[in-house]
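# Fold and contact review
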Amino acid sequence: MDSNSPMSPGQPAGSFAGMGRGPGLFSSYRGARAALISTISTIVVLAALAAVFLLAAGAHAFEHTFLSPTDMWRSFIGNPKQGYYSVGAAIWLNIRMFLVAEVLILALALFIALIRQSTGPALFPIRILATGYVDFFRGVPLILVIFALGFGVPALSLPFISTQPDAVYGVMALVLSYSAYVSEVYRAGLNSVHQSQVSAARSLGLSQGTALRYVVLPQAVRNIIPPLLNDFISLQKDTALVGTLGVIEANKAASIYSETVFNFSSFTVAAILFLILTIPLARFTDRLIERDRRRRLAGGA
Amino acid sequence: MGWVGMRRSLAAAGAVIVLCGAVAACGSSGGGNGGSTASASATSCSKSGIQHLLYKQGVLTVATDNPAYPPWFIKNTPSNGKGYESAVAYAIAAKLGFPKSKVVWVHEPFNKAIIPGPKAFDFDINEVSVTPQRAQVVTFSNSYYPVQQAIVARKGTPIVTKHSPAQLKTYLYGDQNGTTGLTYITTKIQPTKQPKVFDTLAEAGAALEAGRIDALVTDTPTAQYMAGYQLKHPQTVLVAQFPTVGEHYGLVFKKGNPLVTCVNKAIASLQSDGGLTALQKKYLGIYLKFPTIQP
């Protein structure tokens, strides 16, 4: 996206790397002395944290209840004949749910944001509806939306609509709720593009729609990628709420294990699996923010 | 009510475990009642021989929850001798040599009855399922009622008539997390489709009514109550019950209370002379009438 950005005149970003502190883990530490200090302070902090857990009166009980390797392995692979299901297999359902939800959210949220940003008097009733939608789904707790869809729609006994798998209702609820949030993110992005950009595009003969498509949206979307990814990290974890519909996703599988075997190490497994999913995306977001910062500095210089 | 008893059976056991994690001394709180030691169980079980073991000398103090539900108690009045558990308590008292007038009833909330510590009663009778986890913090008598698991399904659906062991595997089940019913589904029925697992039994019931699951499995008293009174849109039925897998109700004593030896003798005597069976026929006939099938 750098190439078509009007704010990046093509200077090498690297020449500005030393100008300020970035969000990267070690980017601000320079030289051997800094590396030494950071190593020592890291060891001290980690040792202090470890001491709290290892020296506490209930350290052994804590370890046995939450960090038992045997229980972690058993819950990871599962054994239905013993009464519990694989947490490792169940996370696949979470992954599928958020992949589908993310695509739908991107589309629905953009649609809502464009309606709310529209100015035509004929669109007034739709704008009111869109505003009401955002108010409603941002205000109602997600778990209630999941519940209402997952139990309510099947209770209607409609053909097809009422006979979908639980995961479908879960994804619908996630899409409805998250689109309300993400549409506001889009709106912030659309507002961040200066009106002069539209004016310039229109003066070049582009229609309103073409100007939106080729001038406004690319800049708006680039500005909101970090907050968008932030919402998606949150979405990945919230797929666990779909378990309330009875479907066995990772968190529910962990919960079944703990209720069956009376050991909570299964939740540790679920937590690790969610971390494996979210941390790469979090680091990727950091990199995008850093790149954007450099570009802004370049533009300002 | 039965379903209250069922929810007690395992959900609360989890709470005990959590308590055990938090309280280091949990499970080692054994010892005698009122200064006596466990070796006192060698004492004779005559009325005079057990006096020093009683919470209050001269009377047998029996606890249950308030309110207490039918068919275990009738009209929430444990002292009327009606209802299965009230009748069993009086029958045991009689075997120990206490006439009806020497039995004192006290109220004890369920959760208080199964946590460690001193008890303000000799024993508690409250549809408490015996579990190894609970047995670490209180002492249980032998069984006075074997718990069976039963199937609840919508009226007119295939499972109502087709429930051979092979057919049972083909249905979609749902149940509350952490219950013996769910364990029965996964370990005994072993269905081909993953069951749905809910946080409450009410959600499993709603899923059954909405047609999201074919059947749920829970203990017979709960199943009878759900099919008879709770799930009516559409109508549901108790299809059949399974043979007991050893789950049973036991009387609750303070951990290590030697009185349990004498009460177990009384229960054994009631089993051999047909006393328990007669009381089950009289008060729990609504449960006995359901057919028993193999998983």
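How each quantity is defined
Residues numbered from 1 in each chain as written. Chains lettered and ligands numbered in written order. Predicted model: local features only at pLDDT ≥ 70, side-chain atom pairs only at ≥ 80, totals over all residues. Heavy atoms only, no water. Pairing = 2+ DSSP bridges. Helix = DSSP H or I, 4+ residues; strand = E, 2+ residues; numbered from the N terminus. Axes fitted to C-alpha atoms, helices over the stretch in contact; angles between N-to-C directions. pLDDT = per-residue confidence, 0-100. Contact = heavy atoms within 4.5 Å. Buried area = accessible area lost by both parts, 1.4 Å probe. Salt bridge = Lys/Arg side-chain N within 4 Å of Asp/Glu carboxyl O. Polar contact = N/O pair within 3.5 Å; in protein donor to acceptor, adjacent residues only side chain to side chain. Nonpolar A, V, L, I, M, F, W, Y, C, P; charged D, E, K, R; others polar. Phe/Tyr/Trp six-rings, centres within 6.5 Å; stacked < 30°, edge-to-face > 60°. Lys NZ or Arg CZ within 6 Å of the ring centre and 35° of its normal. Buried < 20%, exposed > 50% of the residue type's maximum accessible area, 1.4 Å probe, protein only. 1 Å grid on protein atoms, 1.4 Å probe; cavity = no way out; pocket = protein on both sides within 12 Å on 5 of 7 lines; lining within 4 Å. Points joined across faces, edges and corners; volume = space filled by probe spheres on them. Disulfide = S-S within 2.5 Å. Core = buried A, V, L, I, M, F, W, Y, C linked by side-chain atoms within 4.5 Å.

## As for the sheet that holds strand E7 (residues 196-198) of chain B
All names here are of chain B. Judged by pairing direction, the sheet is mixed, and its five strands sit side by side in the order E7-E6-E8-E5-E9 without closing on themselves. Looking at the sheet topology across the chains shown, the edges are occupied by E7 and strand E9 (236-241). For this sheet the average axis-to-axis angle between neighbouring strands, irrespective of direction, equals 30 degrees. Across five bridges, the pairing between strand E5 (residues 149-154) and E9 is antiparallel.

## Notes on the confidence of the model for chain B
Low pLDDT means the predicted coordinates in that region are not meant to be read closely. Residues and elements named next belong to chain B. For chain B, mean pLDDT is 83; residues scoring 70 or higher make up 85% of the total. Throughout residues 1-42 the model reports pLDDT below 50, and contacts reaching past four residues in sequence, or to other chains, amount to 83 contacts. We note a pTM of 0.73 for the whole complex and an ipTM of 0.74 for its interfaces.

## Let's talk about the interface of chain B and chain A
On the chain A side, the residues contacting the 22 residues of chain B number 27 residues. Taking both partners together, chain B and chain A bury about 1900 Å²; carbon and sulfur atoms supply 57% of that area. It is Asn 177, Val 197 and Arg 212 of chain B that lose the most area in chain B upon contact with chain A, and together they represent 28% of the buried surface on that side. Where chain B meets chain A, there are three salt bridges. Here Arg 212 of chain B and Asp 166 of chain A are joined by a salt bridge, their closest N and O atoms 2.9 Å apart. There are seven residue pairs in polar contact (both at pLDDT 80 or more) connecting chain B and chain A. Only helix H1 (2-22), helix H6 (180-189), E7 and helix H7 (201-209) of chain B provide two or more residues apiece to the side of chain B that touches chain A. For the side of chain B that touches chain A, the element with the highest residue contribution is H1 of chain B, accounting for five residues. Tallied by class, residues from the side of chain B that touches chain A come to nine nonpolar, nine polar and four charged.

## Things to note about the packing of aromatic side chains
Taken as a whole, this structure holds 24 aromatic pairs over all chains when the rule is applied. Judged by centre distance (5.1 Å) and plane angle (35 degrees), the ring pair of Phe 62 of chain A and Phe 66 of chain A falls under tilted. One end of the pair is Phe 62 of chain A and the other is Phe 66 of chain A, both in helix H2 (residues 59-66) and four residues apart, which spans about a single turn. Grouped by ring-pair contacts, the aromatic residues Trp 72, Tyr 84, Tyr 144, Tyr 145, Tyr 249 and Tyr 287 of chain B constitute a single cluster. Lying across the ring of Tyr 214 of chain A, Arg 213 of chain A places its NZ or CZ 4.6 Å from the centre. Positioned above the aromatic ring of Tyr 90 of chain B is the side chain of Lys 100 of chain B, whose terminal nitrogen or guanidinium carbon lies 5.2 Å from the ring centre.

## A closer look at unusual backbone geometry
The omega torsion of the bond from Asn 66 of chain B to Pro 67 of chain B falls at 5 degrees, within 30 degrees of zero and hence cis. Counting through the fold element by element, Pro 67 of chain B comes out in the loop between strand E1 (60-64) and helix H2 (84-96). Residue Pro 234 of chain B follows His 233 of chain B across a cis peptide bond; omega there is 0 degrees. As for its placement among the helices and strands, Pro 234 of chain B is situated in the loop between helix H8 (220-230) and E9. With phi around 55 degrees, Ser 157 of chain A is a residue other than glycine that occupies positive phi space. On the secondary structure map, Ser 157 of chain A appears in the loop between helix H6 (142-155) and helix H7 (166-192). When its relative accessible area of 58% is taken as the criterion, Ser 157 of chain A is described as exposed. Look at Asn 76 of chain B: it is not a glycine, yet its phi comes out positive at around 50 degrees. Within the secondary structure, Asn 76 of chain B sits in the loop between E1 and H2. Residue classification places Asn 76 of chain B among the partly exposed residues on the basis of a relative accessible area of 32%.

## Looking at empty space enclosed by the protein
By the definition in use, this model includes two cavities of 30 Å³ or more. Volume-wise, the largest cavity comes out at about 60 Å³. Taken together, Arg 222, Ile 225, Pro 226, Leu 288, Arg 291, Asp 292 and Arg 295 of chain A make up the lining of the largest cavity. Of all the secondary-structure elements, those providing two or more residues to the lining of the largest cavity are helix H9 (208-238) and helix H11 (265-300) of chain A. Residues belonging to the lining of the largest cavity are distributed by class as follows: three nonpolar, no polar and four charged. Considering only enclosed or pocket space, the second largest cavity measures out at about 30 Å³ in volume. Looking at the second largest cavity, the residues that line it are Gly 150, Phe 151, Asp 166 and Leu 245 of chain A together with Lys 196, Phe 198, Ala 207 and Arg 212 of chain B.

## Considerations on the state of the cysteines
All names here are of chain B. Taken as a whole, this structure holds one disulfide over all chains when the rule is applied. The disulfide bridge from Cys 45 ends at Cys 262, spanning 2.0 Å between sulfur atoms. Taking the torsion about the S-S bond as the criterion, the Cys 45 to Cys 262 disulfide, at about -80 degrees, is left-handed. Placement of Cys 45 in the loop between H1 and E1 and of Cys 262 in helix H9 (residues 259-272) is noted, with a sequence separation of 217 residues between them.

## A closer look at the nonpolar core
With 64 residues, the main nonpolar core has Ile 105, Leu 235 and Val 242 of chain A together with Leu 216 of chain B as its most contacted residues. When residues of this core are assigned to their parent elements, the largest contribution, 12 residues, is made by H7 of chain A. Among all residues touching Leu 235 of chain A, those that are not within four sequence positions of it are Phe 98, Ala 101, Glu 102, Ile 105, Leu 174 and Tyr 178 of chain A. Counting residues in hydrophobic clusters, the runner-up holds 40 residues, among them Ile 92, Phe 123, Ile 125 and Tyr 287 of chain B.

## A word on the pairing of strand E8 (residues 215-219) of chain B
Residues and elements named next belong to chain B. For E8, the buried fraction is high: five of the five residues fall into the buried class. Pairing of E5 with E8 involves five bridges; the strand directions are antiparallel. Each bridged residue has a counterpart across the sheet, and for Val 152 the counterpart in E8 is Leu 216. Inspection of the sheet shows strand E6 (residues 173-176) paired to E8 by two bridges, in the parallel sense. Bridge pairing in E8 links Gly 174 to Leu 216.

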